[in-house]
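As a plain string of letters, each chain reads:
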Amino acid sequence: MVCHRPEGLEQLEAQTNFTKQELQILYRGFKNECPSGVVNEETFKHIYAQFFPHGDASMYAHYLFNAFDTTNNGSIKFKDFVMGLSILLRGTLREKLEWTFHLYDINKDGYINREEMTEIVRAIYDMMGKYTYPALKGDVPQQHVDAFFQKMDKNKDGVVTLEEFIVACQEDENMMRSMQLFENVM
């Protein structure tokens, strides 16, 4: 087994919003789950599924994995993981929104289209499983997608740009509250 050693903690401390002590704790947890120092998609899905035992988290975990795998090489190293986590937990509002936009932009073309948003919404519903509220009926994901585009697609061209996404999110109180949920996690 080839083990991957992360970059120096000092370098990661400079590149993230974590202290050296926090990075050491994160690294121990990462190495505990992934002794090789690298996570492939199947392992990531397995770990992520444990957080959603009543649903099927595999599709959402796939999209999340791709968002953390910034080099598109099919694996997440500790640096990839901690850089993404730093944005989600301690980043500026704009950084968090940009990261979320890139998560939703499945084909990485710089836009979120209806198909991508439908895939994400379905993946979220699958992940939440039987505890989805309101109870999932056939057209509920499509209603969410329609509402998303009504709110986000300001120029009505059928796609949402990064700027449209950021402006619409900043105007939405629920979105702003959800972005603040993670601020005191660590």
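Residues numbered from 1 in each chain as written. Predicted model: local features only at pLDDT ≥ 70, side-chain atom pairs only at ≥ 80, totals over all residues. Heavy atoms only, no water.

A. Looking closely at the packing of aromatic side chains. As enumerated under the stated definition, the model contains 15 aromatic pairs in all. An angle of 65° between the planes, with centres 5.3 Å apart, marks the rings of Phe68 and Trp99 as edge-to-face. With a gap of 31 residues between them, Phe68 in helix H4 (residues 58-68) and Trp99 in helix H6 (residues 93-104) connect regions that are remote in the sequence. Side by side, Phe68 and Trp99 carry an identical accessibility label, which is buried. Members of the aromatic cluster, each reached through a chain of ring pairs, are Tyr27, Phe30, Phe44, Tyr48, Phe51, Phe52, Tyr60, Phe65, Phe68, Phe78, Phe81 and Trp99. Stacked on the ring of Phe149, the Lys or Arg Arg114 has its end atom at 4.6 Å from the ring centre. (Phe/Tyr/Trp six-rings, centres within 6.5 Å; stacked < 30°, edge-to-face > 60°. Helix = DSSP H or I, 4+ residues; strand = E, 2+ residues; numbered from the N terminus. Buried < 20%, exposed > 50% of the residue type's maximum accessible area, 1.4 Å probe, protein only. Lys NZ or Arg CZ within 6 Å of the ring centre and 35° of its normal.)

B. Focus on the packing of helix H2 (residues 20-33) against helix H5 (residues 78-90). Contact pair H2 / H5: the axes reach a minimum separation of 11 Å and the direction vectors enclose 125°. Relative to H5, H2 is oriented oblique. Judged by the sense of rotation from one axis to the other, the crossing of H2 with H5 is right-handed. In this structure, H2 uses Glu22, Leu23, Leu26, Tyr27 and Phe30 to contact H5, whose residues at the interface are Phe78, Phe81, Val82, Leu85 and Arg90. In terms of residue class, the contact of H2 with H5 is made up of eight nonpolar, no polar and two charged. (Axes fitted to C-alpha atoms, helices over the stretch in contact; angles between N-to-C directions. Parallel < 35°, antiparallel > 145°, perpendicular 65-115°, else oblique. Left-handed = near helix turned anticlockwise from the far one by under 90°. Contact = heavy atoms within 4.5 Å. Nonpolar A, V, L, I, M, F, W, Y, C, P; charged D, E, K, R; others polar.)

C. Spotlight on the environment of Glu119. Summarising the element assignment, Glu119 is placed in helix H7 (residues 114-128). Sequence separation between Glu119 and Tyr63 is 56 residues; the distance between their C-alpha atoms is 9.6 Å. If near-sequence neighbours (up to four positions away) are discounted, Glu119 is found in contact with Tyr63 and Ile106.

D. Local environment of the nonpolar core. Among the nonpolar cores identified, the biggest contains 50 residues, and Phe44, Leu64, Leu103, Ile112, Met117, Phe148 and Phe165 are the most heavily contacted of them. By residue number, the principal contributor to this core is H4, which donates seven residues. Once residues lying within four places of it in the same chain are set aside, the contact partners of Met117 are Tyr104, Ile112, Val145, Phe148 and Phe149. (Core = buried A, V, L, I, M, F, W, Y, C linked by side-chain atoms within 4.5 Å.)

E. Quick peek at the pattern of salt bridges. The full count for this structure, using the stated rule, is eight salt bridges. Between Lys45 and Glu41 there is a salt bridge, with its nearest N and O atoms 3.5 Å apart. Residue Lys45 and its partner Glu41 are located together in helix H3 (residues 41-49), separated by four residues, close to a single helical turn. Take Lys45 and Glu41: they sit in the same class, and that class is buried. A salt bridge links Arg94 to Glu98; its shortest N-O distance comes to 2.9 Å. Pair noted here: Arg94 and Glu98 are both in helix H6, with a separation of four residues, about one helical turn. Overall, Arg94 belongs to the partly exposed group, its relative accessible area being 35%. Classification of Glu98 as partly exposed rests on a relative accessible area of 25%. Within this structure, Arg94, Glu98 and Glu163 form a network of salt bridges that share partners. (Salt bridge = Lys/Arg side-chain N within 4 Å of Asp/Glu carboxyl O.)

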